[in-house]
Amino acid sequence: MNKQIIITILVVLLAMTGQGQTSFDPNGGCLNVVDFSFGQGIGEYGNNCVSANYLHEVFINEQFCIGGGIGYSHHKEYKFSAIPVYFSTHYFFLDNRFSPFANLRVGGFALFNAKNVGTNEKYSISKEKQGFSLYISPSIGIKMHITPNIGVLASVCDEAYLVNAFDNSRNDYRSKLIHSLGVNIGVCFQIKGW
C-alpha cells in the first residue's frame, strides 16, 4: 500500500514539473514568497533562531525583483521574539526553471516577549532600548518552478539582529549583531494582475 502511494505522488510531481516555465514572467504579476528558516547560532553572540516570513516583490526584469516583507522570529538563547519589517531583493542568476539566486533583506524589527533582560549573563539583553534595531539577512540558494506560477526556494541564510547584548569581557551591555546560520525553505508564487 505504501509503495503505491509513493509511486502515485512521484508520478503526479513529475507531471507537474513538466508544466514548469523557464522563468518568471515580469509582466505577469508580482513575486510572493512564504518561507520558514531554522538557524543555528554562529559567532560569540550567535543564537538559535526559528523564523517565518512573507515577501512581496515587483519584477524589474525576468531575473531581478525588489519589494518588502514582514516576518516573525523566535530566539532561543536570548529568549525574545521579533517582528522584522524589511526591504527585500532577489536576483536569479539564470533564466531557467532551475536557477541559483541571491536574496538580501535589510530593515528594522520590533522586539517583544523578552524574558532574559538585564540579568548581566550571557545571552541577556539590556533593559534600555537602543537607537535603531537593525535586521539584515543575506542568503543564497536555488529556485525550482513546479508550475508556471508556483515554485520552491531553498537557501542558506544568515539572519542578523542588532541588540544590546551582554558582553562578558567588558561586563556591560554593548550593541552586537546576533547571527544564526540557517536553512530556509519557501514557496514562491505569482499573482496575475498585481
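Let me sum up the structure you'll find in this document.

The rules behind the values
Residues numbered from 1 in each chain as written. Predicted model: local features only at pLDDT ≥ 70, side-chain atom pairs only at ≥ 80, totals over all residues. Heavy atoms only, no water. Helix = DSSP H or I, 4+ residues; strand = E, 2+ residues; numbered from the N terminus. Buried < 20%, exposed > 50% of the residue type's maximum accessible area, 1.4 Å probe, protein only. Contact = heavy atoms within 4.5 Å. Areas by Shrake-Rupley, 256 points an atom, 1.4 Å probe, with all protein chains shown as cover. 1 Å grid on protein atoms, 1.4 Å probe; cavity = no way out; pocket = protein on both sides within 12 Å on 5 of 7 lines; lining within 4 Å. Points joined across faces, edges and corners; volume = space filled by probe spheres on them. Nonpolar A, V, L, I, M, F, W, Y, C, P; charged D, E, K, R; others polar. Patch = residues over 30% accessible without salt bridge, like charges linked within 9 Å, V, L, I, M, F, W, Y side chains within 5 Å. Salt bridge = Lys/Arg side-chain N within 4 Å of Asp/Glu carboxyl O. Pairing = 2+ DSSP bridges. Axes fitted to C-alpha atoms, helices over the stretch in contact; angles between N-to-C directions. Core = buried A, V, L, I, M, F, W, Y, C linked by side-chain atoms within 4.5 Å.

So, on to the overall build of the protein. Looking only at helices and strands, the protein features one helix and eight strands. Moving toward the C terminus, one meets the helices and strands of the protein in the order α-β-β-β-β-β-β-β-β. A burial count over the protein gives 41% of its 194 residues as buried. Restricting to contacts in the protein with at least 6 residues of sequence separation, those with at least 24 account for 64%. When the accessible surface of the protein is summed, it comes to about 10200 Å², and 65% of that surface belongs to carbon and sulfur atoms.

For the rest of this paragraph, the subject is the layout of surface pockets. Unoccupied space between atoms shows up once a probe the size of one water molecule is rolled over them. There is about 300 Å³ of room inside the largest pocket. Residue lining of the largest pocket: 15 residues in total, with Leu-111, Glu-128, Lys-129, Gln-130 and Ser-133 positioned closest to the centre. Listing elements by their share of the lining of the largest pocket, those giving two or more residues are strand 5 (98–112) and strand 7 (150–167). Looking at the lining of the largest pocket residue by residue, the class counts come to eight nonpolar, four polar and three charged.

Another point: a nonpolar patch on the surface. Together, Val-34, Phe-36, Phe-38, Val-50, Tyr-54, Ile-70, Tyr-72, Ile-83, Val-85 and Phe-112 give the surface a local cluster of nonpolar side chains, amounting to about 890 Å² of exposed area. The exposure class of Phe-36 is partly exposed, given its relative accessible area of 47%.

On to the sheet that holds strand 8 (residues 172–191). Strand order in the closed barrel formed by eight strands is 1-2-3-4-5-6-7-8, and the pairing between neighbours is antiparallel. On average, each strand axis in the sheet is inclined to that of its neighbour by 25°, with strand direction left out of account.

What follows covers the pairing of strand 1 (residues 30–42). As judged from the 13 bridges shared by strand 1 and strand 8, these two strands associate in the antiparallel manner. Across the sheet, the residue bridging to Val-34 is Val-187, located in strand 8. As defined by bridge partners, strand 1 adjoins strand 2 (residues 49–59) across nine bridges and the pair is classed as antiparallel. Paired with Gly-39 across the strands is Cys-49, a residue of strand 2. Taking the residues between adjacent antiparallel strands as the criterion, strand 1 and strand 2 are bridged by six residues, where Gly-43 takes a positive phi near 80°.

Residues Leu-31, Tyr-78, Phe-80, Val-163 and Ile-178 are the most contacted members of the largest nonpolar core, which totals 21 residues. If you list the elements that add at least two residues to this core, you get strand 1, strand 2, strand 4 (80–92), strand 5, strand 7 and strand 8. Apart from the residues within four sequence positions on either side, Phe-80 is in contact with Ser-73, His-74, His-75, Leu-111, Phe-112, Asn-113, Ala-114, Ile-125, Val-163 and Ile-178.

One ladder, built from 12 bridges, connects strand 4 with strand 5; its direction is antiparallel. Along strand 5, the bridge assignment pairs Ser-88 with Arg-105. The turn joining strand 4 and strand 5, which pair antiparallel and follow one another in sequence, is formed by five residues.

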